[in-house]
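In case you want the letters, here they are:
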Amino acid sequence: MKETLARPADDLEWVMETYGNMLFRLCLVMLGNSADAEDALQETMLKYYRKAPAFTGEEHRKAWLLTVAGNQCKDLLRFRAKHPLAEDTDIYEYKSSDGENSGILEALMTLPEKFRLVLILHYVEEYPVKDIAKMVGKTPSAVKMRLQKGRKLLKEVYRKEYM
């Protein structure tokens, strides 16, 4: 019998300390500004507190949090598409300390959301394709195609803008 992890009320602060930065980065890259990323992170934590299932391990908890955060971002992007406003792009201010990866980050922001999400989950969070497929509700072959197309688009954008 699998042991389940503690309920959300028992460990909300620990979860925020452990996964908060990772979730914020995901939301920031997907949404492009810190205010929306903070809102998506807050909604993710509220859902965790209210609805989180009994997790079978830390990887299960992490995958659940990433899935919920990704869905929150998608919801916000859909809302933005229906209710356009002037775009505030704080992502360009959020750079690594050495500035080396800022061009990649900016190039990644220009890609469509479906490519950004799988690229982040695979290359930053190091999830295997089959896990990403479950998170985004696609087949593993569809995820592989998105990774392939996303890498190609990222390469084109990065070379055009930053070389």
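All of these numbers come straight from a predicted model, not from anything done at the bench. (Residues numbered from 1 in each chain as written. Predicted model: local features only at pLDDT ≥ 70, side-chain atom pairs only at ≥ 80, totals over all residues. Heavy atoms only, no water.)

A. Local environment of the side chain of Asn-33. Along the chain, Asn-33 turns up in the loop between helix 1 (8–31) and helix 2 (34–51). Only 3.3 Å separates the side chain of Asn-33 from the backbone nitrogen of Ala-35, close enough to count as a polar contact. (Helix = DSSP H or I, 4+ residues; strand = E, 2+ residues; numbered from the N terminus. Polar contact = N/O pair within 3.5 Å; in protein donor to acceptor, adjacent residues only side chain to side chain.)

B. Geometry of the pattern of salt bridges. Evaluation of the coordinates by the stated rule reveals four salt bridges. Between Arg-61 and Glu-58 there is a salt bridge, and its shortest N-O distance comes to 3.0 Å. Note that Arg-61 and Glu-58 are positioned in helix 3 (residues 58–82) at a spacing of three residues, about one turn of the helix. The salt bridge involving Lys-62 is made with Glu-125; its shortest N-O contact spans 3.9 Å. A residue pair is termed long-range when its members are at least 10 positions apart, and Lys-62 in helix 3 and Glu-125 in the loop between helix 5 (113–124) and helix 6 (129–136) qualify at 63 residues. Exposure remark for Lys-62: the relative accessible area of 16% places this residue in the buried category. Several salt bridges converge on common partners, so that one network encompasses Asp-11, Glu-58 and Arg-61. (Salt bridge = Lys/Arg side-chain N within 4 Å of Asp/Glu carboxyl O. Buried < 20%, exposed > 50% of the residue type's maximum accessible area, 1.4 Å probe, protein only.)

C. View of the packing of aromatic side chains. Evaluation of the coordinates by the stated rule reveals four aromatic pairs. Ring geometry for Phe-55 versus Trp-64: centroids 5.8 Å apart, planes at 70°, classification edge-to-face. For the pair Phe-55 and Trp-64, one class covers both residues: buried. Feature note: the residues Tyr-48, Phe-55 and Trp-64 constitute an aromatic cluster, connected by ring pairs. (Phe/Tyr/Trp six-rings, centres within 6.5 Å; stacked < 30°, edge-to-face > 60°.)

D. Expanded view of the environment of Leu-28. Along the chain, Leu-28 falls in helix 1. Sequence spacing of Leu-28 and Cys-73 is 45 residues, and the spatial spacing of their C-alpha atoms is 9.1 Å.

E. Fine view of the nonpolar core. In terms of nonpolar packing, the biggest core is built from 44 residues, with Leu-23, Leu-65, Leu-66 and Val-143 touching the most fellow members. Every element with two or more residues in this core is listed here: helix 1, helix 2, helix 3, helix 4 (102–109), helix 5, helix 6 and helix 7 (140–162). Here this core gets 11 residues from one element, more than from any other, and that element is helix 1. The residues touching Leu-66, leaving out its near neighbours within four places in the chain, are Met-22, Leu-23, Leu-26, Leu-121, Glu-125, Tyr-127 and Met-135. (Core = buried A, V, L, I, M, F, W, Y, C linked by side-chain atoms within 4.5 Å. Contact = heavy atoms within 4.5 Å.)

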